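One letter stands for each residue in the lines below.
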Amino acid sequence: MRDISPAIFIGNLPGLCAVTEENGIISIGAGVTYTEAFSTLSKRIPALGPLFDRIGGEQVRNMGTIGGNVANGDTPPPLIALGARLTLRKGKKRRTIPLQDFFIAYGKQDRQPGEFVEAVHVPVPAKDVKFAVYKITKRRDEDITATLGAFCLALAKDGTVADIRIAYGGMAATPKRASAVEQALIGKIWSEATVEAAMAEYAKDFTPLTDMRATAEYRALAAKNLLLRFYVETTGTKAPFQVSRSEAA
Ligand SMILES: Cc1cc2nc3c(=O)[nH]c(=O)nc-3n(C[C@H](O)[C@H](O)[C@H](O)COP(=O)(O)OP(=O)(O)OC[C@H]3O[C@@H](n4cnc5c(N)ncnc54)[C@H](O)[C@@H]3O)c2cc1C
């Protein structure tokens, strides 16, 4: 077996276990469990609640941490869409970077030897900003993501897209922004025609793979349709699609 020493158990370190909020930014220590983090996050950003409900089971949510999940999990796309930043620390030295810049390539992150994730800082979106995250799996509960899309939209008074941040998991080797799709939306009227035109841009942003969770074709189509779903849900043109646990049972 590979020698991985020295290994350090960082569970329950008081310095990594705080959740605080200052000036509209929620800071979550890397050692905070999902259960603890989401009890604050889903109050302040209710659209994150349904995702929390679908990360593993209760045991995983009570043990798994935000720091561990940033390294390997479902939370980066919504946090990237929200504009989260990450504090990395080595000894007394700290640096804070946009979360999206942390992911360099599959299994490779912007983390120096000896550096660890200390905290994630999540801006609470303004009241008129529309935010949603959708996780696609074969089973509703306890299943690994095929694709996951997160959307954060600010509309101007004239109904045009002032800003939109879209991030996906399961579509590339790392969690990734849909930059070409975003550019096709910004400045345009938030309408079905705009959204359908932007859907053609997905091929520029992503070349998904086929694996046991989904085919490349399925991922490509599902990712586009999540944008359409976000449009439908933000404009109230059709009933929302979120299925609760009791409805799914
Ligand atoms: C049954 C089951 C179901 C699951 N379902 C889901 C799911 O639906 N969605 C999902 O996203 N995840 C899921 N997971 C994955 C689970 O959420 C991850 O195991 C968890 O995110 C890891 O957290 P951890 O605190 O245990 O980290 P660890 O397992 O201890 O660490 C994970 C990796 O991150 C590194 N790491 C941890 N903390 C830090 C830090 N502070 N700084 C730098 N590196 C760090 C570790 O070195 C390791 O490489 C599931 C896991 C199980 C067992």
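Residues numbered from 1 in each chain as written. Predicted model: local features only at pLDDT ≥ 70, side-chain atom pairs only at ≥ 80, totals over all residues. Heavy atoms only, no water.

A.B. asks: How do you make sense of a nonpolar patch on the surface when you look at a structure like this?
C.D. replies: Taken together, the side chains of Ile 8, Ile 10 and Leu 13 make up a nonpolar region of the molecular surface, amounting to roughly 290 Å² of accessible area. Here Leu 13 shows up in the segment before strand S1 (19-22). (Patch = residues over 30% accessible without salt bridge, like charges linked within 9 Å, V, L, I, M, F, W, Y side chains within 5 Å. Areas by Shrake-Rupley, 256 points an atom, 1.4 Å probe, with all protein chains shown as cover. Salt bridge = Lys/Arg side-chain N within 4 Å of Asp/Glu carboxyl O. Helix = DSSP H or I, 4+ residues; strand = E, 2+ residues; numbered from the N terminus.)

A.B. asks: Can you walk me through the sheet that holds strand S4 (residues 93-98) in this structure?
C.D. replies: Note on sheets: strands pair through backbone hydrogen bonds, and any given pair is parallel or antiparallel. Reading across from one edge, S1-S2-S7-S3-S4 is the order of the five strands in this open sheet, with antiparallel pairing throughout. If you trace the sheet from one side to the other, it starts and ends with S1 and S4, each paired once. Across this sheet, the average inter-strand angle for adjacent strands is 20°, counted without regard to direction. With six bridges connecting them, strand S3 (residues 85-90) and S4 associate as antiparallel partners. Across the sheet, Thr 87 pairs through a bridge with Thr 96, a residue of S4. Helix H1 (residues 34-44) contacts S1, strand S2 (25-29) and strand S7 (116-123) of the sheet and is inclined by roughly 165° relative to S2. (Pairing = 2+ DSSP bridges. Axes fitted to C-alpha atoms, helices over the stretch in contact; angles between N-to-C directions. Contact = heavy atoms within 4.5 Å.)

A.B. asks: Quick question: what am I supposed to make of the domain arrangement of the chain here?
C.D. replies: Interface size is commonly expressed as the accessible surface area that is lost when the partners come together. According to the domain assignment, the chain consists of domain 1 (15-123) and domain 2 (130-238). Summing both partners gives a buried area of about 1800 Å² for domain 1 against domain 2, and 62% of it is carried by carbon and sulfur. When the buried surface of domain 1 facing domain 2 is broken down by residue, Arg 54, Pro 77 and Ala 81 rank first, second and third, together holding 36% of it. There are one salt bridge connecting domain 1 and domain 2. Salt-bridge contacts for Asp 74 lead to Lys 135; the nearest nitrogen and oxygen are separated by 2.7 Å. Viewed at the interface, domain 2 and domain 1 are joined by eight residue pairs in polar contact (both at pLDDT 80 or more). Going through the elements one at a time, helix H5 (76-81) and strand S5 (103-105) are the ones with two or more residues in the side of domain 1 that touches domain 2. The greatest single-element share of the side of domain 1 that touches domain 2, amounting to five residues, is contributed by H5. Looking at the side of domain 1 that touches domain 2, its residues break down into 15 nonpolar, four polar and three charged. (Domains from an automatic or database assignment. Buried area = accessible area lost by both parts, 1.4 Å probe. Polar contact = N/O pair within 3.5 Å; in protein donor to acceptor, adjacent residues only side chain to side chain. Nonpolar A, V, L, I, M, F, W, Y, C, P; charged D, E, K, R; others polar.)

A.B. asks: What am I meant to see in helix H10 (residues 216-235) here?
C.D. replies: Spacing of three or four residues puts side chains on the same side of an α-helix, whose turn is 3.6 residues. Between the first and last C-alpha of H10 there are 29 Å, a value that for 20 residues agrees with the 28 Å anticipated at 1.5 Å per step. Every buried residue of H10 is accounted for by Ala 216, Arg 219, Ala 222, Ala 223, Leu 226, Leu 227, Arg 229, Phe 230, Tyr 231, Val 232 and Thr 234. Looking at the buried side of H10, the elements it contacts are strand S8 (130-136), strand S9 (147-155), strand S10 (161-169), helix H7 (179-185), helix H8 (192-199) and helix H9 (202-205). Positive backbone phi, at 65°, marks Gly 236, one or two positions downstream of H10. (Expected span 1.5 Å × (residues − 1). Buried < 20%, exposed > 50% of the residue type's maximum accessible area, 1.4 Å probe, protein only.)

A.B. asks: In this structure, what is going on with the site of the ligand? I would like to understand it.
C.D. replies: Neighbouring the ligand are 19 residues, the closest being Tyr 34, Thr 65, Asp 74, Val 117 and Lys 135. Between the ligand and Asp 74, the relevant distance is 2.6 Å, taken from an oxygen atom to a main-chain nitrogen or oxygen of the residue. In this structure, Lys 135 approaches the ligand through a side-chain N or O atom, which is 2.9 Å from an oxygen atom. If the ligand stood free it would expose 960 Å²; the protein chains cover 59% of that surface. Mapped onto the shell around the ligand, the elements with two or more residues apiece are helix H4 (66-71) and S7. When residues in the shell around the ligand are grouped by element, the largest group, four residues, is from H4. Within the shell around the ligand, the residues separate by chemical class into eight nonpolar, seven polar and four charged. (Near = heavy atom within 4 Å.)

A.B. asks: Help me understand unusual backbone geometry, please; the structure alone is not making it clear to me.
C.D. replies: In most cases, non-glycine residues show a negative phi, while peptide bonds are predominantly trans. Cis geometry is found at the peptide bond from Ser 5 to Pro 6, where omega equals -5°. Note that Pro 6 resides in the segment before S1. Unusually for a residue other than glycine, Asn 12 sits at a positive phi of about 65°. Here Asn 12 is to be found in the segment before S1. Take Asn 12: its relative accessible area is 66%, and that puts it in the exposed class. Here the phi dihedral of Asn 23 falls at roughly 50°; this positive angle occurs in a residue that is not glycine. Considering the arrangement of structural elements, one finds Asn 23 in the loop between S1 and S2. Looking at Asn 23, the relative accessible area reads 77%, which means it is exposed.

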